[in-house]
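Residue-level structural notes
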Amino acid sequence: MKRLSLAIVLIGLFCLAAFGQAAPAPPQTHLKVGDKAPDFTLNDTEGKPVKLSDYKGKKSVVLAFYVLAFTGG
Amino acid sequence: MDSFAANKAYAEKISVTFPLLSDWKRQTTKDYGLYNEVSGYGSRATVVVDRDGIIQHVEQGRTAIDPTGAYQVCDLLQKKKSGPSKPEEKKP
């Protein structure tokens, strides 16, 4: 009975080691309030380039990073 | 990091009124520290950038889907743009 219990515990530990590892930690941005926003140029849905710095002095911008929001992934 | 085609289809579906951009090369997501090299996916975040190009609000993770914080910051920026409210004149 003791052997069986030991085996169960060992199997449990093995499973923890093999499959119980935590998922990779999500990235933590280094950016904080007061930092200069990194500039970028990305294409919109019409293929037209949109540059963040083009809004400088004109408008505030809300950037919503919404990864894999519109796909099945 | 959705594809151009996926973004376009979605934009047409909901008739978005703002630019919907595709970071297909993941460079911007990396520049903003939102890319997980291990999993190969980005993290969701909301960043408010003021007219001077300075970050005024950062919200990352699951709570980033809630626009309340960004809305409040935008409201403050709008008030800042309008200038300080004039003090009420005291009537004699």
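Cut-offs used in this document
- Chains are numbered independently. Their residues run from 1 in the order of the written sequence.
- Just so you know, chain letters begin at A and ligand numbers begin at 1, following the order they were written in.
- Two thresholds apply to this predicted model, a pLDDT of at least 70 for residue-level local features and 80 or more for giving and counting side-chain atom pairs, whereas whole-chain, interface and lining totals are computed over all residues.
- Runs of E in the DSSP output that reach at least two residues are strands. Runs of H or I that reach at least four are helices, and both are numbered from the N terminus.
- Contact definition: two residues whose C-beta atoms, as placed from backbone geometry, lie within 7 Å.
- Residue burial is a threshold on neighbouring C-beta atoms within 10 Å of the residue's own C-beta, all placed from the backbone, with 20 or more meaning buried, 12 or fewer meaning exposed, and counts in between meaning partly exposed.
- Two strands pair under a simple rule: DSSP has to find at least two bridges between them.
- Note: pLDDT gives the predictor's confidence per residue, expressed from 0 to 100.
- Note on residue classes: Ala, Val, Leu, Ile, Met, Phe, Trp, Tyr, Cys and Pro are nonpolar, Asp, Glu, Lys and Arg are charged, and everything else, Gly too, is polar.
- These domain limits were set by an automatic method or by a database of domain assignments.
- In this usage, the nonpolar core is the set of buried Ala, Val, Leu, Ile, Met, Phe, Trp, Tyr and Cys residues whose C-beta atoms join them within 7 Å.
- Between the N-to-C directions of two axes lies an angle of 0 to 180 degrees, each axis being a line fitted to C-alpha atoms and, for a helix, fitted only over the stretch in contact.

**Description of the overall build of chain B**
- Along the backbone of chain B there are three helices and four strands.
- When the helices and strands of chain B are listed from N to C terminus, the series reads α-α-β-β-β-β-α.
- Long-range contacts, defined here as pairs at least 24 residues apart, represent 12% of the contacts in chain B between residues at least 6 apart.

**Some remarks on the overall build of chain A**
- The secondary structure content of chain A amounts to one helix and three strands.
- Counting from the amino terminus, chain A carries its helices and strands in the arrangement α-β-β-β.
- Going through the 73 residues of chain A one by one, you find that 12% of them count as buried.

**A few points about unusual backbone geometry**
- Phi at R26(B) takes a positive value of approximately 70 degrees, unusual for a residue other than glycine.
- Looking at where R26(B) falls in the secondary structure, it is placed in the loop between α1 (4-14) and α2 (27-31).

**Focus: the pairing of strand β4 (residues 55-60) of chain B**
Residues and elements named next belong to chain B.
- Along β4, six of the six residues are buried, which leaves the element largely enclosed by surrounding structure.
- With five bridges connecting them, strand β3 (residues 45-49) and β4 associate as antiparallel partners. Bridge pairing links V48 to H57 in β4.
- The antiparallel hairpin formed by β3 and β4 contains five residues in its connecting segment, where G53 sits at a positive phi of about 80 degrees.

**Some words on the confidence of the model for chain A**
All names here are of chain A.
- Looking at chain A as a whole, its pLDDT mean stands at 76, while 58% of the residues score no less than 70.
- Strand β2 (residues 49-51) holds the highest mean pLDDT among the elements of chain A, 95, whereas helix α1 (residues 2-19) holds the lowest, 52.
- Contacts from residues 12-16, a stretch scored under 50 in pLDDT, to residues over four places away or in other chains number one contact.

**Digging into the interface of chain A and chain B**
- Residue-level contacts link 38 residues of chain A with 46 residues of chain B.
- Of all elements in the fold, only β1 (41-43) and β3 (61-65) of chain A reach the threshold of two or more residues within the side of chain A that touches chain B.
- No other element matches β3(A), which puts five residues into the side of chain A that touches chain B.
- Of the residues that constitute the side of chain A that touches chain B, the class distribution is 21 nonpolar, ten polar and seven charged.
- Here β3(A) pairs with β3(B) via five bridges, running antiparallel. Within the sheet, the bridge partner assigned to F65(A) lies in β3(B) and is A45(B).

**Quick look at the domain arrangement of chain B**
- By the assigned domains, chain B splits into domain 1 (1-43) and domain 2 (44-82).
- Using only C-alpha atoms to locate each centre, domain 1 of chain B and domain 2 of chain B end up separated by 19 Å.

**Points about the nonpolar core**
- Counting residues in hydrophobic clusters, the biggest one holds 17 residues, and the most contacted among them are F65(A), A45(B), V47(B) and V49(B).
- For this core, the elements supplying multiple residues, two or more each, are β3 of chain A together with β3, β4 and α3 (68-82) of chain B.
- Per element, the largest residue contribution to this core is four residues, and it comes from β3(B).
- When residues of this core are assigned to domains, at least three map to each of domain 1 (1-43) and domain 2 (44-82) of chain B.
- In this view, F65(A) contacts T29(B), Y32(B), L34(B), G42(B), R44(B) and A45(B); residues no more than four positions away in its chain are not counted.

**Section: the sheet that holds β3(B)**
- One open sheet accounts for three strands, arranged β3(A)-β3(B)-β4(B); its pairing is antiparallel. The outermost strands of the open sheet, each flanked by one partner alone, are β3 of chain A together with β4 of chain B. Neighbouring strand axes in the sheet, compared pairwise and without regard to direction, differ in orientation by 10 degrees on average.
- Sheet strands touched by α3(B): β3 of chain A together with β3 and β4 of chain B. Its angle to β4(B), the strand with the most contacts, is close to 175 degrees.

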